[in-house]
Amino acid sequence: MGDEAMEVKDYSLLKDFRVEIEGKEGTFSLCFWLYLVNSTTFPTTIIEQVHPNDASSPFLVINEKKVMLFPVFPLHKEAQDPSNPTSSSEVPHASKEIKFPLEKWVHIGCEVTNDIIRLHIDGENVGETSLSSVIDKDSVLSDVEKITLIGKDGDDNGVLSYTHKIKVHSLASAIEKHSTEDLPFQLSIDKSSASEIEEGDGGIWSIVGGKASCRRNFSLDVVFLYTSGQHVSEEMEVVASLVYLDDGKPVEKTSDGEAPLLASYDGIEFPSQDRPSKLLNGHASFKLKISQLSSKCQNRLFRIKFHLPKMEKYPFVEALSPPIRSISRSRNTRASSITWKRSTSTIHPLNLSQSSGLDEDTLEVEQNSFHEEKPNLSSKRMKFGQDRISVNFGADRSLDPPDDECNSHARAADKVENAFITSSMARPKIFEEEEEDNSSTDSESTEVRNSVPRSTSRTRNTISDLTIFKYCLAGLPEKFLLLKEIATSASSEELLDFAHKVSNYSGCSHHRNQIVMGKSLIEEGIKAWNSISQHDDKVLWGNFVFDIEEHFMKIACCSSRSLTRKDSETLRRIGGCQDYVSQENFEAMWCWLYPVAFTLSKDWISSLWSSTSPKWIEGFITKEEAESALHGQEPGTFVLRFPTSRSWPHPDAGSLVVTYVGSNYALHHRLLTLDYVYSCAGKEKDVKPLQDLLLEEPELSQLGRIIRSN
């Protein structure tokens, strides 16, 4: 059904509807799909019948609460007035009381004989009327040479409605069959996927927009489905744009020349029309920001329009969001009525449903789709430097001799866990919606901006409050440069204090992990590159891959499991490596690999990585591989993976993501945050293994498998 259904030649305007019926056939069935646009006014004649003597009368009429089908021959000597559909209610007809849906495909079947007419909607007989007692004997259908049925698109007010697959059959049984074949498709917004959007009175969405330092990320998914609910398998690109609600015209650029709608990928913002999202199994995800404010546009409302550039401009291959008011940052922002990104209350350590305001169809699905072409993050990074840096760690044992290197990393991991336990912050969630944007979130920025700077210690601190706030508000590239400078000059105690303050001020505990590991990441990276490159500018990939594996296994404290060929290929793509590996390639790879290895060195995760039966963590798999492996699996099937778009110092670098099949067979992606698990492990000795906690989740029932050739 896929390729044939994608042909747009079977879609036409209602006003072009024209079917000629031979009267001597006596009986016929007319089938077609009908799509009425939102601006349709009722009552309206959808199809009109024209007789050879040019007399005309309604054939199919829709009013506000009823659909009516009339005979194709006049029951009275005078023809009915087609310009007044309400007068038709006095004529015998088959009808169904229903509020006809707009902007949705509906299947219509009209069965006509000499003595009965039947109305079918979506393949079901919903109304019929016998004509045997009211037939004008001089107007029997078989005596009429020809009747023409023509589409009437409203009242010539420019409203356009559409039809699909118009067919005339001689058998009534063909109606039901026609309703299940050659189905039309439609692009629509999956509103349950909405994230970081507040819905107010009248269904108007309020989204924080404006300047880069204030505007907030929000997520939306679109789905491309047949009317049966089956995904359209055709791979196409979807483009998002910002338009005005009242006239549909594009919203202007800001006074700074910035595009009004931005798409965020890997922490970098692009004009949304320049960065389409690919449909994967009929599903595409978007992470967007609005730079224009309604207050700068005469308080007009916006809406987001999604469309398929390769398709003709039909309204059913366009999806429009509800009205949007783009507002500046408020000091007292209310909790979103659609979804709430962070929650300070969690009933169960692995409470999936509480962690995502609306977990069904929340497709991050980053979403939302796997993007093949991504910016080279290494271009945003400063080189570590060729010289070895000597810094006194004090009590930190992460610089122990090489033969004790594995234990030193384990102790460093324990130090981070202890930091989680002693934190006075509210308990974080285990599952969070996976984000595609590597920049600091605007919700964090809002909390930081509304906080009052104050010193938490009376002693002299090398890292000033100004530096702390600068780090909290910075984007990912700026965080990288700032943290590199701090980590190479501050003591480990100062770093730990800095990590606590950033976490407290930003409201995101994940920053702590990245800051604490910063010193060891940079120093270990310098040592690793010097060892691998032998001070050359580049290294042959074939030689490099064995050396990087050795460093990874030392940091991860794992001697029983090495990297597979597929794992190496994933690393190669993350680093942007070709036949040779430059220092820039190495650093891009190292900023992703080190946090992963650091996570695997923790007891709670190392057992999952070391397990081979079952294989809890398949390896360095991409989101696309995870989705492909789970396609068609039973609800509750899940896999664990490390997100390939998270690199240090992103707060989620090295975190695990659970990709699973929801109850409606849609794929979901949730970030696994272990802060609470670690705090429990520090206080209780009988905490269940992470594997057991995962399987206790109602949404997770069985571990999936990913078949990879090594």
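Structure first, text after, so check above.
Residues numbered from 1 in each chain as written. Predicted model: local features only at pLDDT ≥ 70, side-chain atom pairs only at ≥ 80, totals over all residues. Heavy atoms only, no water.

Draft legend 1. Here's a closer look at the side chain of Gln691. With respect to the element layout, Gln691 can be found in helix α16 (residues 690–695). When residues no more than four places from it in sequence are discounted, the contact partners of Gln691 are Ser607, Leu608 and Trp616. (Helix = DSSP H or I, 4+ residues; strand = E, 2+ residues; numbered from the N terminus. Contact = heavy atoms within 4.5 Å.)

Draft legend 2. Broad picture of the packing of aromatic side chains. Applying the stated criterion across every chain, the model contains 29 aromatic pairs. Ring geometry for Phe469 versus Tyr505: centroids 5.0 Å apart, planes at 20°, classification stacked. Of the two residues, Phe469 is situated in helix α6 (residues 465–473) and Tyr505 in helix α8 (residues 492–506); the sequence distance between them amounts to 36 residues. Just as Phe469 is buried, Tyr505 falls in that class too. Ring geometry for Trp616 against Phe638: centres 6.2 Å apart, planes inclined by 40°, an arrangement best described as tilted. With a gap of 22 residues between them, Trp616 in the loop between α13 (603–610) and α14 (623–630) and Phe638 in strand β28 (residues 637–641) connect regions that are remote in the sequence. Exposure remark for Trp616: the relative accessible area of 9% places this residue in the buried category. By relative accessible area, Phe638 is classed as buried at 0%. Through pairs of rings, three or more aromatic residues link up here, namely Tyr11, Tyr35, Trp105, Tyr162, Phe185, Phe224, Tyr226, Tyr314 and Phe316. The cationic tip of Arg275 hangs over the ring face of Phe270; the distance from NZ or CZ to the ring centre is 4.3 Å. Here the guanidinium or amino end of Arg561 rests over the ring plane of Trp609, the centre of that ring lying 3.8 Å away. (Phe/Tyr/Trp six-rings, centres within 6.5 Å; stacked < 30°, edge-to-face > 60°. Buried < 20%, exposed > 50% of the residue type's maximum accessible area, 1.4 Å probe, protein only. Lys NZ or Arg CZ within 6 Å of the ring centre and 35° of its normal.)

Draft legend 3. Focus on the pattern of salt bridges. Overall, the coordinates contain 16 salt bridges when judged by the stated rule. Linking Lys165 and Asp182 is a salt bridge whose minimum nitrogen-to-oxygen distance equals 3.9 Å. You can see Lys165 sitting in strand β12 (residues 162–169) and its partner Asp182 sitting in the loop between α2 (174–178) and β13 (185–195), a full 17 residues away along the chain. Note that Glu269 and Arg215 form a salt bridge whose closest N and O atoms lie 2.7 Å from each other. With a gap of 54 residues between them, Glu269 in strand β19 (residues 268–271) and Arg215 in the loop between β15 (205–208) and β16 (218–226) connect regions that are remote in the sequence. (Salt bridge = Lys/Arg side-chain N within 4 Å of Asp/Glu carboxyl O.)

What is shown is where atoms sit, not what they do.
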